[in-house]
Amino acid sequence: MTGLEAATFLAPLLAFFIAAASPGPATLAVAATSMAQGRAAGLLLGIGLSVGLIFWGTLTAAGLGALIVAWAPALLVLKIAGGLYLLYLAWISARSALRTEPLDDMTQRTVKARNLVWRGIALNLMNPKAVLAWAAVIAVGLPSTEASGYLVTVVALCAVLSVVIYGTYAVLFSVGPVRMAYARGRRICEALFALGFAAAGLRLMFWRAGPA
């Protein structure tokens, strides 16, 4: 691969990094899970989030993602489903904030670990904004030939980058000092998580996609 060919991937990867690494429901979920349940749980959730992003990236590269978002009934379903799911996560955090005593760590981990990957997949699958972000990523630096090989490579590279991004969040928020700070202020942290998820859910449900 020549330097010029490599440069064509730099812009879309940078656009993807900004979209995926910026604070939002996905990164908030990884941070909250990593602090509460540890690094392994955060990594599992991150894998699920990456799978959800890869799904939308593949559809967008195939030209189907934009059609789904442009179709009003599909967009409405995604917005409502995604908003309700975020409100569900807000409810989970609020319920945890109201508990005066934390659940046993091992019991909590056994119950939730099996569903963490699916939770991550669902979170990104039900986010129509992810499709628009992917459309921008693929369009940035798109060669005039629009070769399918280029699109496949972009999606593959972004998939790897998403794992790195969410994995980094999981590692950073699962280190000892961070988890100890969370343990000391668990109820306050969970209340803040609840507010963050609720705000994101309501914002998504009332979000209107701009014109293409």
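The structure this text deals with has already been given above.
Counting residues in each nonpolar core, the largest one holds 44 residues, and the members touching the most others are Phe 16, Leu 123 and Trp 134. When contributions to this core are tallied by element, the ones reaching two or more residues are helix H1 (3-21), helix H2 (25-37), helix H3 (39-61), helix H5 (72-98), helix H7 (128-139), helix H8 (148-172) and helix H10 (186-205). For this core, the element with the most residues is H8, which contributes nine residues. Among residues more than four places away in sequence, those in contact with Leu 123 are Pro 25, Ala 26, Ala 29, Leu 49, Tyr 85, Leu 86 and Leu 89.

The topology assignment puts Thr 27 in helix H2. Those residues within four positions of Thr 27 in sequence are excluded, and the remaining contacts are Ala 20, Ala 21, Ser 22, Tyr 166 and Tyr 169.

Between H3 and H7, the least distance of the axes is 9 Å, while the angle of their chain directions is 55 degrees. By the angle class used here, H3 and H7 are oblique. Along this stretch, H3 crosses H7, giving a crossing that reads as right-handed. On H7, the residues touching Leu 53, Trp 56, Gly 57, Thr 60 and Ala 61 of H3 are Ala 130, Val 131, Trp 134, Ala 135 and Ile 138. Within the contact of H3 with H7, the residues separate by chemical class into eight nonpolar, two polar and no charged.

Each value, and the rule that gives it
- Residues numbered from 1 in each chain as written.
- Predicted model: local features only at pLDDT ≥ 70, side-chain atom pairs only at ≥ 80, totals over all residues.
- Heavy atoms only, no water.
- Core = buried A, V, L, I, M, F, W, Y, C linked by side-chain atoms within 4.5 Å.
- Buried < 20%, exposed > 50% of the residue type's maximum accessible area, 1.4 Å probe, protein only.
- Helix = DSSP H or I, 4+ residues; strand = E, 2+ residues; numbered from the N terminus.
- Contact = heavy atoms within 4.5 Å.
- Axes fitted to C-alpha atoms, helices over the stretch in contact; angles between N-to-C directions.
- Parallel < 35°, antiparallel > 145°, perpendicular 65-115°, else oblique.
- Left-handed = near helix turned anticlockwise from the far one by under 90°.
- Nonpolar A, V, L, I, M, F, W, Y, C, P; charged D, E, K, R; others polar.

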